[in-house]
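Secondary and tertiary structure notes
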Amino acid sequence: HGLQNAEKTTEIVEPPNVLNLQLLRYVYDMTTWTKKKLKSKIKLSKTITVPRKDNDGKDVDPEEYVLTCVLNHFGQSAYQGHYVCEAMDWSNGVWWKANDDELTFLPNGPKHLDSDTGQASSSDIEIVAPQEGTTSPDKKAAT
């Protein structure tokens, strides 16, 4: 029968207070037998909407999450490099960049965020986004 077209999906049954999305930004190179870093840019939004269904499969109100952290990898390969974190203080909405022992205030939010469109681009990211209305990871958002 050979290879077949397929689609893989994931459904969130009970939305978490904090949604952590990690994008696979590496592929396995069969010619060199090593991982290869993907360098294409990814557009991010200030908010993430996750569709939901009830137990009967009917659509229900989606969950809204707010972008609060972007983890960037700087380096040419999957085997070496440096991570820098851009994170929002949940108590006041102020963004900071953490680079080793250096903390820098980001008046316009994440480095890659376009203040006009609310979109960001990054070549390697990890997104941590709490539900709208969640003020800290310990507080459960109202549903």
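The next point concerns the overall build of the chain. The helix and strand inventory of the chain stands at 0 helices and 13 strands. Ordered by position in the sequence, the α and β elements of the chain form the string β-β-β-β-β-β-β-β-β-β-β-β-β. Sorting the 143 residues of the chain into buried and exposed places 31% on the buried side. Sequence separation of 24 or more characterises 53% of the internal contacts of the chain that already satisfy a separation of 6 or more. Surface summary for the chain: the accessible area is close to 10100 Å², and the carbon and sulfur share equals 51%.

Right, let's get into the confidence of the model for the chain. In this model, the chain carries an average pLDDT of 76, and 77% of its residues clear a pLDDT of 70 or more. Averaged pLDDT values over the elements of the chain bottom out at 49 in strand 12 (residues 119-122) and peak at 93 in strand 10 (residues 102-106). Across residues 136-143, where pLDDT falls below 50, the model places 13 contacts with residues more than four positions away in sequence or in other chains.

When the charged atoms of two side chains with opposite charge come close together, those side chains can pair. Within this structure, the stated rule accounts for 2 salt bridges. With a closest N to O distance of 2.8 Å, Arg52 and Glu63 form a salt bridge. Residue Arg52 is found in strand 5 (residues 47-53), and its partner Glu63 is found in strand 6 (residues 59-66); the two are separated by 11 residues along the sequence. Overall, the relative accessible area of 21% leaves Arg52 in the partly exposed class. Asp59 is the partner of Lys53 in a salt bridge, and the nearest nitrogen-oxygen pair spans 2.9 Å. By relative accessible area, Lys53 is classed as partly exposed at 37%.

So, about the packing of aromatic side chains. Under the definition given, this model contains 2 aromatic pairs. A cation over an aromatic ring shows up here: Lys35 above the ring of Tyr79, its NZ or CZ 5.8 Å from the ring centre.

Criteria and thresholds
Residues numbered from 1 in each chain as written. Predicted model: local features only at pLDDT ≥ 70, side-chain atom pairs only at ≥ 80, totals over all residues. Heavy atoms only, no water. Helix = DSSP H or I, 4+ residues; strand = E, 2+ residues; numbered from the N terminus. Buried < 20%, exposed > 50% of the residue type's maximum accessible area, 1.4 Å probe, protein only. Contact = heavy atoms within 4.5 Å. Areas by Shrake-Rupley, 256 points an atom, 1.4 Å probe, with all protein chains shown as cover. pLDDT = per-residue confidence, 0-100. Salt bridge = Lys/Arg side-chain N within 4 Å of Asp/Glu carboxyl O. Phe/Tyr/Trp six-rings, centres within 6.5 Å; stacked < 30°, edge-to-face > 60°. Lys NZ or Arg CZ within 6 Å of the ring centre and 35° of its normal.

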